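# Structural description and commentary
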Amino acid sequence: MDWVHLVETNPLQALEAFVLGWFPAEKTEPTAEERTADKLGDLPEALAAFHRLARLRPALHRFHDPVLKRPEHATGPLGDRLIFAVMNGDSMDWSIPWPPEGATEAEPRVWHTEDPQGSEPETTLEEEPLSRFLLQFTLFGAMNAAPCQAWTYCMPTVRLKPLWSTLRPVPLSPFLPTYTGERFFMAPGLLAQISYDEDEAIAAFGAPHRTVLTPLLEHGFRWSRFDG
């Protein structure tokens with residue numbers, strides 16, 4: 001979990017440390033597409049670094065909604081953009097201004113577009129810049145791809161109190177704030193995403209091994225899914 005303290009100072013290093021530690025190495029051969037001269041040098045460093053990392057851990061491309069292997073050019077309400085991720089069958093996407101807003105733009109802002117194929121797409125600015133957003137996106141994908149998962153039903157937020165002594169918060173803004181507003185937490189071998197306000201909360205946990213989830217039974221939550 002040492003990577004968590006890097007989020008504020010070096011989010012790309014934090015992303016790399018999480019990915020290399022969470023996903024096992026695989027014996028894979030680069031595809032013909034990857035062996036040809038790629039254009040990673042044309043991308044902002046954060047996005048290029050993500051794609052280099054995905055070559056080391058191909059599991060990143062097996063998420064239900066992975067970062068696109070080939071970003072797509074498009075035009076939106078705010079101008080020309082480069083789409084690097086989509087979700088829910090293109091019902092929403094994420095992009096950065098393209099070409100970059102400045103010759104040395106190293107940390108572009110991220111645009112979130114709802115219903116990009118519709119007649120009136122709505123584009124808003126993400127709270128996190130690109131490198132931190134990629135960490136958010138990866139944590140969300142890793143949680144949903146975890147081989148062992150546990151999901152609670154909605155419960156009073158006060159029920160979470162015993163967890164705060166065991167979970168370490170990842171210092172990022174809530175992911176998908178207009179929907180569930182997921183906040184991410186870590187414990188040894190355990191990833192958690194929790195959506196909560198002053199009154200109600202829903203918690204989800206992911207782990208590579210069932211035994212990591214077993215201690216959660218002590219909290220007496222009602223589970224909609226429990227793989228421990």
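The paragraphs below set out a description of the structure included in this document. All values derive from a computational prediction rather than experimental measurement. (Residues numbered from 1 in each chain as written. Predicted model: local features only at pLDDT ≥ 70, side-chain atom pairs only at ≥ 80, totals over all residues. Heavy atoms only, no water.)

### Details of the overall build of the protein
Along its length, the protein carries five helices and 12 strands. Since a compact globule built from 228 residues should have a radius of gyration of about 17 Å, the 18 Å found for the protein is in line with a globular shape. For the protein, the spread of C-alpha atoms along the principal axes amounts to about 50 × 45 × 35 Å. Sorting the 228 residues of the protein into buried and exposed places 47% on the buried side. The long-range share in the protein, meaning contacts at least 24 apart out of those at least 6 apart in sequence, stands at 54%. When the accessible surface of the protein is totalled, it reaches about 11,900 Å², and 52% of it is carbon and sulfur. (Helix = DSSP H or I, 4+ residues; strand = E, 2+ residues; numbered from the N terminus. Rg over C-alpha atoms; globule rule 2.2 N^0.38 Å. Buried < 20%, exposed > 50% of the residue type's maximum accessible area, 1.4 Å probe, protein only. Contact = heavy atoms within 4.5 Å. Areas by Shrake-Rupley, 256 points an atom, 1.4 Å probe, with all protein chains shown as cover.)

### Description of the nonpolar core
Judged by nonpolar contacts, the single largest core of 47 residues is most densely connected at Trp3, Phe18, Phe84 and Trp94. Mapped by element, the contributors of at least two residues to this core are α1 (11–22), α3 (45–56), β2 (79–87), β3 (92–97), α4 (130–145) and β9 (183–187). Ranked by the residues each element gives to this core, the list is headed by α4, at nine residues. Excluding its chain neighbours within four sequence positions, the residues that come into contact with Phe18 are Trp3, Phe23, Thr138, Leu139, Ala142, Met186 and Leu191. (Core = buried A, V, L, I, M, F, W, Y, C linked by side-chain atoms within 4.5 Å.)

### A closer look at the layout of surface pockets
The volume enclosed by the second largest pocket comes to roughly 190 Å³. Trp22, Phe23, Pro24, Glu26, Ala59, Arg62, Phe63, Ala142, Ala145, Ala146, Pro147 and Pro208 together form the lining of the second largest pocket. Split into classes, the residues belonging to the lining of the second largest pocket amount to 10 nonpolar, no polar and two charged. (1 Å grid on protein atoms, 1.4 Å probe; cavity = no way out; pocket = protein on both sides within 12 Å on 5 of 7 lines; lining within 4 Å. Points joined across faces, edges and corners; volume = space filled by probe spheres on them. Nonpolar A, V, L, I, M, F, W, Y, C, P; charged D, E, K, R; others polar.)

### Quick notes on α4
Relative to the 22 Å expected for 16 residues at 1.5 Å per residue, α4 spans 22 Å between its end C-alpha atoms, a close match to the ideal helical length. Most of α4 sits out of view: 14 of its 16 residues are buried. (Expected span 1.5 Å × (residues − 1).)

### Digging into the side chain of Glu114
As for its position among the elements, Glu114 is in strand β4 (residues 111–114). Within the buried set, Glu114 has no salt-bridge partner at all; the shortest N-O distance to an opposite charge, 11 Å, is to Arg81. A distance of 2.8 Å separates polar atoms of two side chains, one belonging to Glu114 and the other to Tyr179. (Lys, Arg positive; Asp, Glu negative; His and termini not counted. Salt bridge = Lys/Arg side-chain N within 4 Å of Asp/Glu carboxyl O. Polar contact = N/O pair within 3.5 Å; in protein donor to acceptor, adjacent residues only side chain to side chain.)

### Regarding the packing of α1 against α4
Each packed pair of helices is defined by two parameters, the angle between the axes and the distance between the axes. Two numbers describe how α1 lies on α4: the axes approach to 8 Å, and their chain directions differ by 20°. Relative to α4, α1 is oriented roughly parallel. By crossing handedness, the relation of α1 to α4 is classed as left-handed. Mapping the contact onto sequence places Pro11, Leu12, Ala14, Leu15, Phe18, Val19 and Trp22 in α1 and Ser131, Arg132, Leu134, Leu135, Thr138, Leu139 and Ala142 in α4. When its residues are assigned to classes, the contact of α1 with α4 shows 11 nonpolar, two polar and one charged. (Axes fitted to C-alpha atoms, helices over the stretch in contact; angles between N-to-C directions. Parallel < 35°, antiparallel > 145°, perpendicular 65-115°, else oblique. Left-handed = near helix turned anticlockwise from the far one by under 90°.)

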